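Secondary and tertiary structure notes
Spelled out from the first residue to the last, the chains are:
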Amino acid sequence: MRLGFNFTLGDTHEMVQRLIAERHIDYCEFLIDNFFCVEPDELAKAFDCPVGLHIMYSKFLEADRPTLVDFAARLRDYIDALNPIYVSDHILRFSHEGRAFFHLGEVDYSTEYELVRDKVLQWQDLVGQRIHFENYPSIMDGGVEAPAFFERLTEETGAGVLFDASNAVCSNRNCGTPFEAWRNVIAGAKHFHVAGYRQSLIEPFISLDTHAEALAPDTLAFLEKFRSVFDKPGATMTYERDDQIEFDDIVADLKLLRNLFGQPEERRHDLALSA
Amino acid sequence: MTSLSLPSRTDRDLYPALMSPELCASYPAHHKAFVRIDVSLRVYWHTLFDICPELLELSGPDGMSIFRPFMAWAGEKKLAFDWSYYLWVYVWPRQSPFKERLLADRKYLRSIMGASAARWAVLDRGRDCGIVIGCVDTTDIVIGWKCRSVLLGREIELIEPEEPLPAPPDIFGYFTLPTFELDIFPGWQGLAR
């Protein structure tokens, strides 16, 4: 399992350089559309390591075709210059009736499958490559339908899943989505996210994907139990931290992940224990 | 957990309430749907007051005397809550009991224009590099620049031009810049709702 860190803006550039130099991470994940005004060649030289490209605001479920054509063309320049390990995006709702959510919305897996499938096919076609789509940290009970939705989506579109382990933990805590329900999705995925979460301020407490805390014990337990399903040749896991960015705290979590998965070149996947 | 007559199985069932304190109140407290909506509303609150804390001087420390009526007004106007979110927060109190205090100190306007310029630089995914925001209440302009280097973040500039630009026809106007130079004035565009 290669470990990575999310790079969203220049203020963490020095820290990411240090994480690479001290071999806490093996690659870096750019939140690529934050850098659409930076020359692709500059981005390609930013870090001496492989990169992943994570898209935040394509809004491919909602944007019109000319907007997506233009977005895809610019994204393509970065894909060509950076030769990323993967390209990933989100299945999310950014607005309702033209009004923007500030806390993004989850799709309705039971009624919107065909719409999402068709949009995923169109979006991959425009970008010109396979895209890995991230699962949502479900709150409401409809979230239990997510694993089957993603399984079907990957089968019918050829898309991948960027499986966010801590989002699955939130979904388990909030609406009871069993970890076991994700087994086939995890087995078919090669690219993963993990981060901290926190509780809501009022009861009944719900768990919120915040990227601002240390990895929770139940997240680590989930990774450990399903370690051999996660780990596979070419697998990556990006540790996300967007707030409370303290080098020592991040390194402490990365060491936990390293201890769990081992140095990537040292792992022997054919001997991995089954979960 | 409290039983609920309103649909609340999926996030989608709650979409209209996620930006409406009024609709939130129709869900029983201690129900997960209420907490989900509360989480969403808190993000609107923090997006406003964490970035423009000066507004709390007008409203009081919980911000609610601005936040609740503004969100209700925004719902009636069907505001898009795009990058101009903060500018509309300024438009609304100009019609409210806060008007006199709001206009008495330019720090509120500067904070609000800077916040909106930054939000454009964060959220816009078009090809333009910068945005210029002007207001009829000042000759100053605020520019928001997108990230132009892997070593930098977004940048916000307040400019007091020696030769002021014409005032926008509405309270606020804006134009975007196709390069990282302020070398054009194509005229003001009005805010879209």
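Since this is a predicted model, take the numbers as computed values, not measurements. (Residues numbered from 1 in each chain as written. Chains lettered and ligands numbered in written order. Predicted model: local features only at pLDDT ≥ 70, side-chain atom pairs only at ≥ 80, totals over all residues. Heavy atoms only, no water.)

**Remarks on the overall build of chain A**
How we decide: Secondary structure is summarised from DSSP: a helix means a run of H or I of at least four residues, a strand means a run of E of at least two, and numbering begins at the N terminus for each. In this treatment the radius of gyration is a C-alpha quantity, and the globule benchmark scales as 2.2 Å times the residue count to the 0.38 power. Under the scheme applied here, a residue whose accessible area is under 20% of the maximum for its type counts as buried, over 50% as exposed, and between as partly exposed, the area being computed with a 1.4 Å probe on protein chains only. Whether two residues touch is decided by their heavy atoms; if any such pair falls within 4.5 Å, the residues are in contact. Note on areas: Shrake-Rupley, 1.4 Å probe, and residue coverage restricted to the protein chains presented here. In summary, the charge assignment counts Lys and Arg as positive and Asp and Glu as negative, without counting His or the chain termini. The location of each charge is read from NZ of Lys, CZ of Arg, CG of Asp or CD of Glu.
Per the secondary structure count, chain A includes 10 helices and 12 strands. Against the 2.2 N^0.38 benchmark of 19 Å for 275 residues, chain A shows a C-alpha radius of gyration of 18 Å, consistent with a compact globule. Per-residue burial over chain A gives 58% buried out of 275 residues. A separation threshold of at least 6 residues defines the contact pool for chain A, and within that pool the share at least 24 residues apart is 76%. When the accessible area of chain A is evaluated, it comes to approximately 10,900 Å², of which 46% is carbon and sulfur surface. Distance from the positive charge centre (26 side chains) to the negative charge centre (47 side chains) of chain A: 4 Å.

**Here's the deal with the overall build of chain B**
Tallying secondary structure elements over chain B gives eight helices and four strands in all. For chain B, the residues scored as buried account for 51% of the 193 residues in total. Taking the 21 positively charged and 24 negatively charged side chains of chain B as two groups, their mean positions are separated by 9 Å.

**Quick notes on the sheet that holds strand E1 (residues 2-7) of chain A**
Residues and elements named next belong to chain A. Test applied: A pair of strands is labelled paired if DSSP reports no fewer than 2 bridges between them. In this analysis an axis means a line fitted to C-alpha atoms, helices contributing only their contacting stretch, and an angle means the value between N-to-C directions, from 0 to 180 degrees.
Here we have eight strands rolled up into a closed barrel, ordered E1-E2-E3-E4-E7-E8-E9-E12, and parallel in their pairing. Each adjacent strand pair in this sheet contributes to an overall mean axis angle of 30°, direction not counted. Examined bridge by bridge, E1 and strand E12 (residues 236-239) share four bridges and lie parallel to one another. Counted as the bridge partner of Phe5 is Tyr239 from E12. The strands touched by helix H1 (residues 13-21) within the sheet are E1 and strand E2 (27-31), with E1 carrying the most contacts at an inclination of about 170°.

**Re the state of the cysteines**
The cut-off we apply is this: Pairs of cysteine sulfur atoms within 2.5 Å are identified as disulfides in what follows.
Tallied over the full model, the rule gives zero disulfides over all chains. As a non-bridged cysteine, B:Cys129 has A:Cys37 as the owner of its nearest cysteine sulfur, 4.1 Å distant. What makes B:Cys129 buried here is its relative accessible area of 9%. Just so you know, B:Cys135 is unpaired, no disulfide at all, and the nearest cysteine sulfur is the one on B:Cys52, 13 Å from it.

**A look at the sheet that holds strand E1 (residues 130-135) of chain B**
Strands belonging to one sheet form pairs held by backbone hydrogen bonds; the direction of such a pair is parallel or antiparallel. All names here are of chain B. The four strands are arranged E3-E2-E1-E4 in an open sheet whose pairing can be described as antiparallel. Pairing within the sheet leaves two strands with one partner each, and these edge strands are strand E3 (155-159) and strand E4 (172-177). Averaged over all pairs of adjacent strands, the angle between their axes in this sheet comes to 20°, without regard to strand direction. Bridging between E1 and strand E2 (residues 138-145) involves five bridges; their strand directions are antiparallel. The residue of E2 that forms the bridge with Gly130 is Trp145. Sheet strands touched by helix H8 (residues 106-123): E1, E2, E3 and E4. Its angle to E2, the strand with the most contacts, is close to 25°.

**Structural notes on the packing of H1(A) against helix H10 (residues 247-261) of chain A**
Residues and elements named next belong to chain A. Just so we agree on the cut-off: Two helices crossing with the near one rotated counterclockwise from the far one by less than a right angle form a left-handed crossing, whereas a clockwise rotation gives a right-handed crossing.
Interaxial distance between H1 and H10 falls to 12 Å at its minimum, and their mutual angle equals 35°. Crossing handedness for the pair H1 and H10: right-handed. Counting all contacts with H1, which are made through Met15, Arg18 and Leu19, the residues of H10 involved are Phe247, Ile250, Val251 and Leu254.

**Thoughts on unusual backbone geometry**
Residue and element names in this part refer to chain A. With omega at -5°, the peptide bond leading from Glu203 into Pro204 counts as cis. By secondary structure assignment, the location of Pro204 is in the loop between strand E10 (197-199) and strand E11 (207-209). With phi around 60°, Arg23 is a residue other than glycine that occupies positive phi space. As for its placement among the helices and strands, Arg23 is situated in the loop between H1 and E2.

**Considerations on the nonpolar core**
Cut-off, in case you're wondering: Take the buried residues of types Ala, Val, Leu, Ile, Met, Phe, Trp, Tyr and Cys, join any two whose side-chain atoms come within 4.5 Å, and each joined set is a nonpolar core.
Residues A:Phe30, A:Phe163, A:Phe230 and B:Phe70 are the most contacted members of the largest nonpolar core, which totals 148 residues. The dominant element in this core, judged by the number of residues it contributes, is helix H3 (residues 32-49) of chain B, at 10 residues. In contact with A:Phe30, other than residues within four places in its own chain, are A:Phe7, A:Phe35, A:Leu43, A:Ala46, A:Phe47, A:Val51, A:Gly52, A:Leu53, A:His54, A:Leu82 and B:Val150. Counting residues in each nonpolar core, the second largest holds seven residues, with B:Val132, B:Phe175, B:Leu177 and B:Trp188 among its members.

**Overview of the packing of aromatic side chains**
Counted only if it meets this: Between 30 and 60 degrees the pair is tilted, below 30 it is stacked and above 60 it is edge-to-face, where a pair is any two Phe, Tyr or Trp rings, Trp via its six-membered ring, whose centres lie within 6.5 Å. Over a ring means this: the NZ of a Lys or the CZ of an Arg is within 6 Å of the ring centre and within 35 degrees of the ring normal.
Within this structure, the stated rule accounts for 45 aromatic pairs over all chains. Their ring planes at 25° and their centres at 6.4 Å tell us that A:Phe5 and A:Tyr239 sit as a pair that is stacked. Of this pair, A:Phe5 sits in strand E1 while A:Tyr239 sits in strand E12; the two residues are 234 residues apart in sequence, bridging distant segments of the chain. The pair A:Phe5 / A:Tyr239 is uniform in exposure class, with both members buried. In this structure an aromatic cluster arises from ring pairing among A:Tyr109, A:Tyr113, A:Phe149, A:Phe150, A:Phe163, A:Phe179, A:Trp182, A:Phe192, A:Phe222, A:Phe226 and A:Phe230. The residue whose ring lies beneath B:Arg119 is A:Phe102, and the NZ or CZ to ring-centre distance is 4.3 Å. Sitting above the plane of the B:Trp145 ring, B:Arg148 keeps its charged end 5.5 Å from the centroid.

**Focus on the environment of B:Ala74**
Note on placement: B:Ala74 falls in helix H5 (residues 64-77). Residue classification places B:Ala74 among the buried residues on the basis of a relative accessible area of 0%. Spatially, the C-alpha atom of B:Ala74 lies 20 Å from that of B:Ser111, the residues being 37 residues apart in sequence. Not counting residues up to four positions away in its chain, the partners in contact with B:Ala74 are A:Arg99, B:Leu79 and B:Phe81.

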